[in-house]
Amino acid sequence: MASRRVKFAKRRKAAGFTQEQLALHLGVERSTVVRWEAAENEPQAWLRPKLARALRVSADELQALLDGITIVQSEPGERLAYVLQHPSSVDLVAVAHLHERIRQLDESYDKSPSTALVGVAGHVHGQITYLRQSATGSRVRKALGEVEAESATFMGQLVWDVSQRRDHDGPVEYFDQAVSVARQVRDPLTESYAVLRKSFVALYGEKDPIKGLTLADEAAEVASLCSPALTGLSLLHVAEGSAMAGDRREAEAALGKAEAQFDRVTPDDTVADNFSPNEFNRLAGSCFLSLGLPDLAEPLLRRTVSALVAKKKSQSIALGNLTLSLIRQGKRDEAEASMHQTIDAVELTRGGGGLNIVFQAGRELRPWRSEPSVQEINDRLLALMAAI
């Protein structure tokens with residue numbers, strides 16, 4: 001299963017270009033065009049006018065082609081196709097296939113807008129829950145439960161992102177499903193992560209720092225049974241909640257505990273690759289920003305932006321917070337440059353977290369709204385809003 005910009009490729013062919021010919025026309029490598037069509041990245045801003053002319057489309061039409069991501073699915077394995085027709089025959093081979101489909105979708109999360117993923121992810125989640133109701137063997141039921149908990153967590157994440165973090169009830173229903181199933185199959189790792197995701201909704205959606213840090217603390221307690229990396233990430237959000245509540249002492253204490261957990265991470269920690277210590281700088285910077293200390297936040301966030309190149313949605317949040325730290329220090333020229341980078345990142349991912357922060361930064365630039373450079377930023381924000 002893969003993401004593809006099918007309409008973009010069709011438009012390229014209609015304009016009379018092969019991938020190699022378009023690359024030569026634009027002065028880029030053929031592999032660059034391949035990555036555009038595979039929805040792995042987008043053309044740089046300076047290339048877009050020339051690309052639009054080559055494809056004989058307007059700037060808005062080009063953006064629509066780039067937004068038009070299609071999930072191209074491989075044919076399901078013969079065993080999975082059979083068990084969907086005969087659900088009582090579900091076995092570990094079919095479960096493994098479903099788990100792989102969820103893993104592939106999760107890998108696409110930082111590269112593709114959530115709107116392009118939520119439909120197929122919902123379809124796979126429905127297959128998993130359907131088969132689990134019909135499974136008979138204890139080993140198969142347990143394996144399906146583990147996949148269902150993971151799938152429900154991912155669905156909650158996607159639904160919240162698609163709603164631009166405005167729908168709180170729908171995502172929490174998925175996270176509660178994940179917690180319930182994870183407890184049934186004794187999977188503390190997935191239980192902890194689902195609870196942590198609930199804390200994100202409380203912190204960044206409901207703006208309830210006490211509720212958020214309480215949930216994050218619960219997630220840390222469960223994760224302590226299995227993963228220092230996930231424990232550390234949970235404690236970072238305890239710190240975030242404390243900072244949002246204005247309690248610097250508790251925030252710094254939680255940051256210290258999180259750092260100690262990251263020091264304990266080994267290669268055997270199953271989530272070490274996903275929750276690396278890079279998250280420490282991102283969340284610590286966010287904490288200092290919430291505490292009204294943008295000068296302390298700035299260097300942490302600068303390091304974070306460089307470290308999160310492969311995690312575009314997380315990077316867009318870090319860029320947005322860096323922009324806010326610069327605005328609040330009165331560094332307008334640097335803030336404007338950072339703001340353009342933030343908008344570039346958000347245009348690529350459409351992540352709800354990045355969108356919220358970039359518009360907050362836009363509001364905080366209002367004192368300089370008469371400046372031509374700020375007016376240009378406002379024009380980009382209006383275009384971004386229209387494209388959502």
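Reading guide: rules and limits
Residues numbered from 1 in each chain as written. Predicted model: local features only at pLDDT ≥ 70, side-chain atom pairs only at ≥ 80, totals over all residues. Heavy atoms only, no water. Helix = DSSP H or I, 4+ residues; strand = E, 2+ residues; numbered from the N terminus. Rg over C-alpha atoms; globule rule 2.2 N^0.38 Å. Contact = heavy atoms within 4.5 Å. Areas by Shrake-Rupley, 256 points an atom, 1.4 Å probe, with all protein chains shown as cover. Lys, Arg positive; Asp, Glu negative; His and termini not counted. Charge placed at Lys NZ, Arg CZ, Asp CG, Glu CD. 1 Å grid on protein atoms, 1.4 Å probe; cavity = no way out; pocket = protein on both sides within 12 Å on 5 of 7 lines; lining within 4 Å. Points joined across faces, edges and corners; volume = space filled by probe spheres on them. Core = buried A, V, L, I, M, F, W, Y, C linked by side-chain atoms within 4.5 Å. Buried < 20%, exposed > 50% of the residue type's maximum accessible area, 1.4 Å probe, protein only. Salt bridge = Lys/Arg side-chain N within 4 Å of Asp/Glu carboxyl O. Expected span 1.5 Å × (residues − 1).

**So, the overall build of the protein chain**
Okay, step 1: Assigned secondary structure in the protein chain consists of 20 helices and two strands.
Okay, step 2: For 388 residues, the compact-globule estimate of 2.2 N^0.38 gives 21 Å, and the protein chain sits close to it at 22 Å.
Okay, step 3: Projected onto its principal axes, the C-alpha coordinates of the protein chain cover approximately 65 × 60 × 35 Å.
Okay, step 4: Sequence separation of 24 or more characterises 66% of the internal contacts of the protein chain that already satisfy a separation of 6 or more.
Okay, step 5: By element, 50% of the accessible surface of the protein chain is carried by carbon and sulfur atoms, the whole surface being about 17,800 Å².
Okay, step 6: Charged side chains in the protein chain number 47 positive and 51 negative. The centres of these two groups are separated by 4 Å.

**A word on the layout of surface pockets**
Okay, step 1: By volume, the second largest pocket is sized at about 960 Å³.
Okay, step 2: Forming the boundary of the second largest pocket are 31 residues, of which Glu42, Pro43, Arg48, Asp344 and Glu347 lie nearest the centre.
Okay, step 3: When residues of the lining of the second largest pocket are traced back to their parent elements, those giving at least two are helix 3 (30–37), helix 4 (48–55), helix 5 (59–67), helix 17 (312–328), helix 18 (332–349) and helix 20 (372–387).
Okay, step 4: Among the elements that take part in the lining of the second largest pocket, helix 18 stands out by supplying five residues, more than any other.

**Details of the environment of histidine 97**
Okay, step 1: On the secondary structure map, histidine 97 appears in helix 7 (residues 92–108).
Okay, step 2: A C-alpha to C-alpha distance of 32 Å links histidine 97 and valine 346, two positions 249 residues apart in sequence.

**Overview of the nonpolar core**
Okay, step 1: Leu196, Leu230, Leu236, Leu255, Met339, Val358 and Leu381 are the most contacted members of the largest nonpolar core, which has 67 residues in total.
Okay, step 2: When residues of this core are assigned to their parent elements, the largest contribution, nine residues, is made by helix 11 (residues 188–205).
Okay, step 3: Apart from the residues lying within four places of it in its own chain, the contact partners of leucine 255 are Leu236, Ala239, Phe280, Ala284 and Cys287.
Okay, step 4: Of all hydrophobic cores here, the second largest spans 17 residues; its members include Ala15, Val33, Leu65 and Leu66.

**So, the pattern of salt bridges**
Okay, step 1: Tallied over the full model, the rule gives 20 salt bridges.
Okay, step 2: One salt bridge in this structure joins glutamate 37 and arginine 12, with 2.7 Å as the shortest N-O distance. One end of the pair, glutamate 37, is in helix 3; the other, arginine 12, is in helix 1 (residues 6–14), with 25 residues separating them in the sequence.
Okay, step 3: Residue class for arginine 12 comes out buried when judged on its relative accessible area of 6%.
Okay, step 4: Across the pair glutamate 334 and arginine 302 runs a salt bridge, and its minimum N-O distance is 2.8 Å. Of the two residues, glutamate 334 sits in helix 18 while arginine 302 sits in helix 16 (residues 294–307), which places them 32 residues apart along the sequence.
Okay, step 5: With relative accessibility at 38%, the residue glutamate 334 sits in the partly exposed group.
Okay, step 6: Judged by relative accessible area, arginine 302 falls into the partly exposed class, the value being 35%.

**Description of unusual backbone geometry**
Okay, step 1: Of note, the phi angle at glutamine 164 is positive, near 60°, even though the residue is not glycine.
Okay, step 2: Along the chain, glutamine 164 turns up in the loop between helix 9 (138–162) and helix 10 (169–184).
Okay, step 3: Located in the positive-phi region is lysine 207, a residue other than glycine, with phi close to 55°.
Okay, step 4: For lysine 207, the location among the structural elements is in the loop between helix 11 and helix 12 (209–223).

**What to know about helix 15 (residues 278–290)**
Okay, step 1: For helix 15, spanning 13 residues, the distance from its first C-alpha to its last is 19 Å, which sits close to the expected 18 Å at 1.5 Å a residue.
Okay, step 2: Most of helix 15 sits inside the fold, with eleven of its 13 residues counted as buried.
Okay, step 3: Every buried residue belonging to helix 15 is among Glu279, Phe280, Asn281, Arg282, Leu283, Ala284, Gly285, Ser286, Cys287, Phe288 and Leu289, and all of these are buried.
Okay, step 4: Of the surrounding secondary structure, the elements contacted by the buried residues of helix 15 are helix 11, helix 13 (228–244), helix 14 (248–263), helix 16 and helix 17.
Okay, step 5: Backbone geometry just after helix 15 places glycine 292 at a positive phi near 75°.

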